[in-house]
Amino acid sequence: MTTPLIVDPAERPAPGAGRPGRAAVSAGRRPGASRWLSRTAVNGLLAIAAAYTLFPLVWLVTAATKNAGNILGGNVFSFQGFDFGHNLSTLASYDSGIYFRWYGNSLIYAGLGALGCSFVSVAAGYAFDKYRFRGKEKLFAVVLLGVLLPSTALSLPLYLLAVKTHTVNTYWSVLIPVLVNPFGVYLSRIFSAGYIPDEALEAARIDGAGELRVFWSIGLRMVMPGFVTVFLFQFTAVWNNFFLPLVMLSDKNLYPLSLGLYNWNSDANATPDFYPMVVSGSLLAVLPLIVAFITLQRARKAGLTAGGVK
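Peer 1: I'd love a proper account of the overall build of the protein chain, names of residues and values included.
Peer 2: Secondary structure summary: the protein chain contains 15 helices and zero strands in total. Within the span of the protein chain, comprising 310 residues, buried residues form 32% of the whole. Of the accessible surface of the protein chain, which amounts to about 19,400 Å², a share of 66% is contributed by carbon and sulfur atoms.

Peer 1: Which residues make up the packing of helix α11 (residues 211–222) against helix α12 (residues 224–239), and what values go with them?
Peer 2: The contact between α11 and α12 brings their axes to 4 Å, and the two run at 65 degrees. Viewed along their axes, α11 and α12 adopt a mutual orientation that is roughly perpendicular. Contact residues: Leu220, Arg221 and Met222 in α11; Met224, Pro225 and Phe227 in α12. Tallied by class, residues from the contact of α11 with α12 come to five nonpolar, no polar and one charged.

Peer 1: An account of the pattern of salt bridges is requested, with residue identities and associated values reported.
Peer 2: Counted under the stated rule, the structure contains six salt bridges. Here Lys252 ties to Asp95 by a salt bridge, and the two come within 2.9 Å at their closest N and O atoms. One end of the pair, Lys252, is in the loop between α13 (243–248) and α14 (257–267); the other, Asp95, is in the loop between α4 (84–93) and α5 (98–130), with 157 residues separating them in the sequence. Classification of Lys252 by relative accessible area gives partly exposed; the value is 39%.

Peer 1: So what about helix α10 (residues 198–206)? Which residues, and what values?
Peer 2: For an α-helix, 3.6 residues make a turn, and residues three or four places apart therefore share a direction. Within α10, the full set of buried residues consists of Ala200, Leu201 and Ala204. Looking straight down α10, one finds its buried side chains confined to an arc of 100 degrees; they lie on one side. Away from its buried face, by an angle of more than 90 degrees, α10 presents the exposed residues Glu199 and Ile206. Lining the buried residues of α10 we find α5 and α11. Gly208, located one to two residues past α10, shows a positive phi value of around 100 degrees.

Peer 1: Lay out the nonpolar core with the relevant residues and their values.
Peer 2: Core analysis: the biggest nonpolar cluster contains 35 residues, and Tyr99, Tyr109, Phe235, Trp239, Leu249, Leu257 and Trp264 have the highest contact counts within it. Those elements that provide at least two residues to this core are α5, α8 (172–175), α12, α13, α14 and α15 (274–301). When residues no more than four places from it in sequence are discounted, the contact partners of Trp239 are Tyr103, Ser106, Leu107, Ala110, Leu257, Ser258, Ala285, Pro288 and Leu289. In terms of nonpolar packing, the next biggest core, distinct from the first, is built from 15 residues, Leu187, Phe191, Ala200 and Val214 among them.

Peer 1: Help me get a handle on the side chain of Ser188, residues and values and all.
Peer 2: Tracing the backbone through its elements, the reader meets Ser188 in helix α9 (residues 182–195). Once residues within four sequence positions are removed from consideration, Ser188 is found in contact with Ser121, Val122, Gly125 and Val230.

Peer 1: So, the packing of aromatic side chains: which residues are in play, and what are the values?
Peer 2: The final tally for this structure, using the stated rule, is 23 aromatic pairs. When the ring of Tyr103 is compared with that of Trp239, the centres are 5.8 Å apart and the planes differ by 75 degrees; the resulting orientation is edge-to-face. One end of the pair, Tyr103, is in helix α5; the other, Trp239, is in helix α12, and 136 residues separate them in sequence. Of the two residues, Tyr103 and Trp239, neither departs from the other in class, the shared state being buried. Site record: aromatic cluster; members linked through ring pairs are Tyr94, Tyr99, Phe100, Trp102, Tyr103, Phe231, Phe235, Trp239, Tyr255, Trp264 and Phe274. A cation over an aromatic ring shows up here: Arg189 above the ring of Phe140, its NZ or CZ 4.4 Å from the ring centre.

Peer 1: I'd love a proper account of the environment of Val214, names of residues and values included.
Peer 2: Mapping Val214 onto the fold places it in helix α11. You can call Val214 buried: its relative accessible area is 0%. Taking the C-alpha atoms as reference, Val214 lies 6.5 Å from Leu201; in sequence the two are 13 residues apart. When residues no more than four places from it in sequence are discounted, the contact partners of Val214 are Tyr126, Leu201, Ala204, Arg205, Ala209 and Gly219.

Definitions and cut-offs
Residues numbered from 1 in each chain as written. Predicted model: local features only at pLDDT ≥ 70, side-chain atom pairs only at ≥ 80, totals over all residues. Heavy atoms only, no water. Helix = DSSP H or I, 4+ residues; strand = E, 2+ residues; numbered from the N terminus. Buried < 20%, exposed > 50% of the residue type's maximum accessible area, 1.4 Å probe, protein only. Areas by Shrake-Rupley, 256 points an atom, 1.4 Å probe, with all protein chains shown as cover. Axes fitted to C-alpha atoms, helices over the stretch in contact; angles between N-to-C directions. Parallel < 35°, antiparallel > 145°, perpendicular 65-115°, else oblique. Contact = heavy atoms within 4.5 Å. Nonpolar A, V, L, I, M, F, W, Y, C, P; charged D, E, K, R; others polar. Salt bridge = Lys/Arg side-chain N within 4 Å of Asp/Glu carboxyl O. Arc of directions from axis to C-beta. Core = buried A, V, L, I, M, F, W, Y, C linked by side-chain atoms within 4.5 Å. Phe/Tyr/Trp six-rings, centres within 6.5 Å; stacked < 30°, edge-to-face > 60°. Lys NZ or Arg CZ within 6 Å of the ring centre and 35° of its normal.

Below is the structure:
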């Protein structure tokens, strides 16, 4: 039997001995000061990024109120020479108001094209996610390969197909190619997997609903945030599309805004009076994108899946 070791209480180390006190740690690190410096650095970087992003828009808004002399003279940010009303009237009356015809064309191309593309993408993503068929993953790999291809590389093959189908220089030559978006299919499959539970689909099938009814009444409604997201992406892409209309269209009455403003900007090198029209037209061209993002923001965030499965 061993004798227990008895330690004199006076010889025991005091609690916390050998470790730096909290006051010493606080004095050495100064967490309040470091936190303030970090917050200041982050806010400074965000302010620089915001200024860098907003400066072109501010320039566009102020330049749209100036005449050609002030724009070319660099007096864009001055309070003199306000001529926005005259710029709008010139924009509306030039060449029998062809600018607003281009505006309508862009709304047709972007609106109908994005709507059709969203439906095709959501349907394809739903099929890739919920059904099993031979070669599904290989076919989906081909879709992912299509994401890697730049749209400009496909313009010439699309033009040759349009020549064969006699759709060159028509609305269909721009509308049909934008109905397919590989990235939209990929994104829709992810949304389908996250928003549509298999239990809800099985319950609908047990109640006797067919596959089209299941997709239309349940799948499409549950994946509506994904539908809106694909719509916004495609609407922005088609609205800013330039190379495809340049290849397909030769009739200026079929031009979208991007191509029409480009031609005006080219003419401005010889005729400076085109500069106010180009700047004012570019400012008005931004408005549909802003309206689309603001109005569809709530629908994009909202989900109908909550409470769908109990």
